[in-house]
Amino acid sequence: MQYRTETRSSLSSYNKVNNMGVFPSDSLVRIESMAAESAVVIFSVSTCCMCHAVKGLFRGMGVSPAVHELDLHPYGVDIHRALLRLLGCSSGASTSPGGLPVVFIGGKMVGSMERVMASHINGSLVPLLKDAGALWL
C-alpha cells in the first residue's frame, strides 16, 4: 500500500473557514483533486482503528489505495471538516476522527466505514473496484 502526503509547497492557495462556518471552495477543490489521483483514495487518521481496518480490507483484496493521513497533512483539519459536511454530518467543526475513514472509488465518494462494509457484504464493492480499474480479477 502506498502512503502519500503532500507538502505545503505542493498545495495551492488556502483560505480559512469564513465566519459563517462554511468551508471554502478550496477545500472541495483539494478533496476533488486528491480523490482523482488514484482508483481508490482513503482519507484517514493514522491512529484510527477503523481507518486501519478499511485500509486492511482493501489491501487484502489486492487494491493499492492512495491514503491521505489527515492528522499528518498540513490542511488536514480543514479537509476533515469538508469531508464531514459532504457526508452530511451535523458537526462540520469536529476535530475528532469522527466520520473517518472516507473512501473514494473512481473519483466518487463511497462514504465512511459503514458504507464501505455494507457494499462489501452485499457484493457491490468488487464491481465498483473493477469499474474504477482498481481490480482486474
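This report concerns the structure included in the present document. None of the values given here were measured: they were computed from a predicted structure.

## Let's talk about the overall build of the protein chain
Within the protein chain, the secondary structure is distributed over five helices and five strands. Ordered by position from N to C terminus, the α and β elements of the protein chain give β-α-β-α-β-α-β-β-α-α. Evaluated residue by residue, the protein chain yields a buried proportion of 41% over its 137 residues. Partitioning the intrachain contacts of the protein chain with sequence separation of at least 6 by distance along the chain shows that 64% fall at a separation of at least 24. Counting only carbon and sulfur atoms, one obtains 55% of the accessible surface of the protein chain, whose full area is about 7,300 Å².

## Topic: the pattern of salt bridges
Following the criterion strictly, the structure yields two salt bridges and no others. Across the pair lysine 55 and glutamate 69 runs a salt bridge, and its minimum N-O distance is 2.7 Å. Linking lysine 55 in helix α2 (residues 49-60) with glutamate 69 in strand β3 (residues 66-69), this pair joins segments that are 14 residues apart in sequence. Given the relative accessible area of 5%, lysine 55 is considered buried. A relative accessible area of 7% means that glutamate 69 is categorised as buried. The residue arginine 81 makes a salt bridge to aspartate 78 at a minimum N-O spacing of 3.0 Å. Note that arginine 81 and aspartate 78 are positioned in helix α3 (residues 76-87) at a spacing of three residues, about one turn of the helix.

## Observations regarding the packing of aromatic side chains
Scanning the entire structure with this criterion turns up one aromatic pair. Both rings, one in phenylalanine 43 and one in phenylalanine 104, keep their centres 5.6 Å apart while their planes meet at 75°; by these two values the pair is edge-to-face. Here phenylalanine 43, found in strand β2 (residues 40-44), pairs with phenylalanine 104, found in strand β4 (residues 102-105); they are 61 residues apart in sequence, far enough to count as distant. Judged by relative accessible area, phenylalanine 43 falls into the buried class, the value being 0%. Residue phenylalanine 104 is classed as buried on the basis of its relative accessible area of 6%.

## A closer look at the environment of alanine 39
The residue alanine 39 is located in the loop between α1 (25-35) and β2 in this model. Between the alpha carbons of alanine 39 and phenylalanine 104 there is a distance of 8.0 Å; along the sequence they are 65 residues apart. Excluding residues that lie within four positions of it along the chain, alanine 39 makes contacts with Phe104, Ile105, Gly106, Ala132, Gly133 and Ala134.

Reading the values: rules and limits
Residues numbered from 1 in each chain as written. Predicted model: local features only at pLDDT ≥ 70, side-chain atom pairs only at ≥ 80, totals over all residues. Heavy atoms only, no water. Helix = DSSP H or I, 4+ residues; strand = E, 2+ residues; numbered from the N terminus. Buried < 20%, exposed > 50% of the residue type's maximum accessible area, 1.4 Å probe, protein only. Contact = heavy atoms within 4.5 Å. Areas by Shrake-Rupley, 256 points an atom, 1.4 Å probe, with all protein chains shown as cover. Salt bridge = Lys/Arg side-chain N within 4 Å of Asp/Glu carboxyl O. Phe/Tyr/Trp six-rings, centres within 6.5 Å; stacked < 30°, edge-to-face > 60°.

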